[in-house]
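Architecture and fold: a report
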Amino acid sequence: MEEITLVYRVGEEQAGQRLDRFLAGQNPDLSRTYLQELIDQGRVAVDQRQGKAGQRVKPGQQVTVLLPPPRDLEVRPEKIALDIYYEDSHVIVVNKPRGMVVHPAEGNYSGTLVNALLYHCRDLSGINGVLRPGIVHRLDKDTSGLLVVAKHDQAHVHLAEQLKERQVRRRYLALVHGLVRHQKGSIDAPIGRDPRDRQKMAVVFRNSKPALTLFLVRRYCGQYSYLELQLATGRTHQIRVHMAYIGHPLVGDPKYGPARSHQVLDGQFLHAALLGFRHPFSGEYLEFRAPLPEELGAYLQQVCHPWDDGLLWPMPLAEQFQEQSGDAGGHERPYGYAVPQDDAQQ
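Here the residue numbering is sequential within each chain, running from 1 through the sequence in written order. Whole-chain, interface and lining totals are the exception, using all residues; otherwise, since this is a predicted model, local features are given only for residues with pLDDT of at least 70 and side-chain atom pairs are given and counted only at 80 or more. Side-chain measures were taken over the full set of non-hydrogen atoms in the model, leaving aside hydrogen atoms and water.

Here we look at the confidence of the model for the chain
Predicted confidence across the chain gives a mean pLDDT of 85, with 86% of residues reaching 70 or more. Confidence of the predictor at the level of single residues is given by pLDDT, which spans 0 to 100. By definition, any uninterrupted DSSP run of H or I lasting at least four residues is a helix, any uninterrupted run of E lasting at least two residues is a strand, and each is numbered from the N terminus. Of all secondary-structure elements in the chain, the lowest mean pLDDT belongs to helix 7 (residues 341–344), at 36, while strand 6 (residues 91–96) reaches the highest, 98. Every residue in residues 324–336 scores below 50 in pLDDT, and together they form 31 contacts with partners more than four places removed in sequence or on other chains. Per-residue pLDDT stays below 50 along residues 338–346; that stretch engages in 25 contacts with residues further than four places along the chain or on separate chains. By definition in these notes, contact holds between two residues if any of their heavy atoms fall within 4.5 Å.

The following block contains the structure:
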């Protein structure tokens, strides 16, 4: 296979960006680390001169990237321990630890949940291709919690349809900065790629999709709020984007949180605590709950005084959430947060 040449022209809105960040914005499927490696290898030129990762690009400059020949991807099974909550011949439900990537990507082909699943399972659904076999929905690297994986294509289609029809029940636990002023409510705001940083998502009204998050304050802990959240939709980084948008970013979030956070957590405080769905073969409703991982539980205990074991478990009843329907377009709600159109243009 031959090398691939990519050519980009720097626009006015991209002026002043670091070269590696500029390229990451042009190539959302390539990690910034991988692009930095290409720059270090001399495979990136700015106006025909070898580029440096930290140099600032200027309007009108031509950036050329020489990608190495594509290689045949083979995701190898790896003997990695899995915290399995349920398994049969159709599906497997696992509790993903913090720090584990769900599926391989450029520059990160080992140590993922998929590598572990391929070792544990004889076969997985191939609908999402060789890099994401069986993966129906994902969690970010530093988000812990429950995932359901399809073992064959029929199960995959059935579960994907449930997600599309909002029939999968997903609850999250999160610690956020500040005191959320509503005890319970909703955030109804469309999410799309951030036009100023292609590596991030944002609340935008162009080239976006409806997004609705329901929340319930479980406890105020000093300068923080401990929340339970329910996803009505499943957009990329949805909870992280929505909470940052209303001024309460997740504690420890390196992408959407404060630029200089004094938190000691390595990654955002977000845990997928509850997962419920209809079994793709029997139709039986299955529901699973996973307590906070030890690291998050210990941190929560530090900031919440006096400590109450009920913060970890059990979770509130479903009736405490008020389901809402309709497209996310910034409309007023009986409670919760509205999204003014002029504020949402980013």
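Next comes the rest of the write-up.
Some words on the packing of aromatic side chains
Working definition: a ring pair exists when centres of Phe, Tyr or Trp rings (six-membered ring for Trp) sit within 6.5 Å. Plane angles under 30 degrees give stacked, over 60 give edge-to-face, the rest tilted. This structure, assessed with the given rule, holds 3 aromatic pairs. Each ring, one from Tyr-226 and one from Phe-269, has its centre 6.4 Å from the other, and the planes form 80°; the classification is edge-to-face. Of this pair, Tyr-226 sits in strand 14 (residues 224–231) while Phe-269 sits in the loop between helix 5 (238–245) and strand 15 (270–278), placing them 43 residues apart in sequence. No difference in accessibility class separates Tyr-226 from Phe-269, as the two residues are buried. Judged by centre distance (6.2 Å) and plane angle (35°), the ring pair of Phe-277 and Phe-288 falls under tilted. Partly exposed describes any residue whose relative accessible area lies between the buried limit of under 20% and the exposed limit of over 50%, with all areas from a 1.4 Å probe on protein chains only and scaled to the type maximum.

Concerning the sheet that holds strand 11 (residues 201–203)
Ordered by their spatial adjacency, 3 strands build an open sheet running 11-10-12, and the pairing between neighbours is antiparallel. Where the open sheet ends on each side, the last strands, each with one partner, are strand 11 and strand 12 (208–209). When strand 10 (residues 191–193) meets strand 12, the two strands line up antiparallel, connected through 2 bridges. Pairing of Gly-192 across the sheet is with Ser-208, part of strand 12. Here an angle of 0 to 180 degrees is reported between the N-to-C directions of two axes, which are lines fitted to C-alpha atoms, with helices fitted over the stretch in contact. Along the sheet face, helix 5 touches strand 10 and strand 11 and points at about 45° away from the line of strand 11. Strand pairing is defined by DSSP finding a minimum of two bridges between the two strands.

Some details on the side chain of Asn-115
With respect to the helices, strands and loops of the structure, Asn-115 is situated in helix 3 (residues 113–120). Judged by relative accessible area, which is 0%, Asn-115 ranks as buried. Pairs of N or O atoms within 3.5 Å make up the polar contacts considered here, provided that, within protein, one atom can donate a hydrogen while the other can accept it, and that residues adjacent in sequence are counted only when both atoms are side-chain atoms. One polar contact links Asn-115 to Thr-112, side chain to side chain, over a distance of 2.7 Å.

Overview of the pairing of strand 6
For strand 6, a buried count of 6 out of 6 residues is recorded, marking the element as mostly surrounded by other parts of the structure. Side-chain alternation along strand 6 places Val-91, Val-93 and Asn-95 on one buried face and Ile-92, Val-94 and Lys-96 on a second face that is also buried. Two strands pair when backbone bridges link them, and strand 5 (residues 84–87) and strand 6 are joined in this way by 3 bridges, in the antiparallel orientation. When the bridges of strand 6 are listed, Ile-84 appears paired with Val-94. Hairpin connection of strand 5 to strand 6: 3 residues between the antiparallel strands.

Here's the deal with the pattern of salt bridges
Think of a salt bridge as a Lys or Arg side-chain nitrogen and an Asp or Glu carboxyl oxygen that are within 4 Å of each other. Scanning all chains against the criterion turns up 9 salt bridges. Taken together, the shared-partner salt bridges connect Asp-140, Arg-240 and Asp-253 into one network.

A few points about the state of the cysteines
When two cysteine sulfur atoms are found within 2.5 Å, that pair is recorded as a disulfide. A complete count under the given rule lists 1 disulfide for this structure. Here Cys-221 pairs with Cys-304 through a disulfide, and the sulfurs are 1.8 Å apart. Between Cys-221 and Cys-304 the sulfur-sulfur dihedral comes to about 75°; the bridge is accordingly right-handed. With Cys-221 in strand 13 (residues 212–221) and Cys-304 in the loop between helix 6 (294–303) and helix 7, this residue pair connects regions lying 83 residues apart in the sequence. The exposure class of Cys-221 is buried, given its relative accessible area of 2%. On the accessibility criterion, Cys-304 (0% relative accessible area) is buried.

Focus: the nonpolar core
Grouped together as the largest cluster of nonpolar side chains are 30 residues, with contacts concentrated most on Leu-117, Ile-239 and Met-243. Contributions of two or more residues to this core are made by strand 6, helix 3, strand 7 (144–150), strand 8 (169–177), strand 13, strand 14, helix 5 and strand 15. Excluding its chain neighbours within four sequence positions, the residues that come into contact with Leu-117 are Leu-82, Ile-92, Val-94, Leu-124, Ile-135 and Val-149. Take the buried residues of types Ala, Val, Leu, Ile, Met, Phe, Trp, Tyr and Cys, join any two whose side-chain atoms come within 4.5 Å, and each joined set is a nonpolar core. Phe-22, Ala-24, Val-46 and Ala-53 belong to the second largest nonpolar core, which has 18 residues in total.

Brief notes about helix 1 (residues 19–26)
Two residues of an α-helix separated by three or four positions point the same way, owing to the 3.6 residues in each turn. Along helix 1, 6 of the 8 residues are buried, which leaves the element largely enclosed by surrounding structure. Those residues of helix 1 that sit buried are Leu-19, Asp-20, Phe-22, Leu-23, Ala-24 and Gly-25.

Topic: the pairing of strand 4 (residues 62–67)
Here strand 4 shows a clear split, with Val-63, Val-65 and Leu-67 buried on one side and none of Gln-62, Thr-64 and Leu-66 buried on the other. Examined bridge by bridge, strand 2 (residues 44–46) and strand 4 share 3 bridges and lie antiparallel to one another. Bridge pairing in strand 4 links Ala-45 to Thr-64.

Brief notes about the packing of helix 1 against helix 2 (residues 32–40)
Relative to each other, helix 1 and helix 2 sit at 125°, their axes nearing to 9 Å. By the criterion of interaxial angle, the relationship of helix 1 to helix 2 is oblique. Once helix 1 is placed against helix 2, the crossing between them reads as right-handed. Here Leu-19, Asp-20, Arg-21, Leu-23 and Ala-24 of helix 1 lie close against helix 2, whose contacting residues are Arg-32, Leu-35, Gln-36 and Ile-39. By residue class, the composition of the contact of helix 1 with helix 2 is 5 nonpolar, 1 polar and 3 charged. Note on terminology: angles under 35 degrees are roughly parallel, angles over 145 are roughly antiparallel, angles of 65 to 115 are roughly perpendicular, and the others are oblique. Crossings are classed by handedness, with left-handed meaning an anticlockwise turn of the near helix from the far one by less than a right angle and right-handed meaning a clockwise turn. We call Asp, Glu, Lys and Arg charged. Ala, Val, Leu, Ile, Met, Phe, Trp, Tyr, Cys and Pro are nonpolar, and the rest, Gly among them, are polar.

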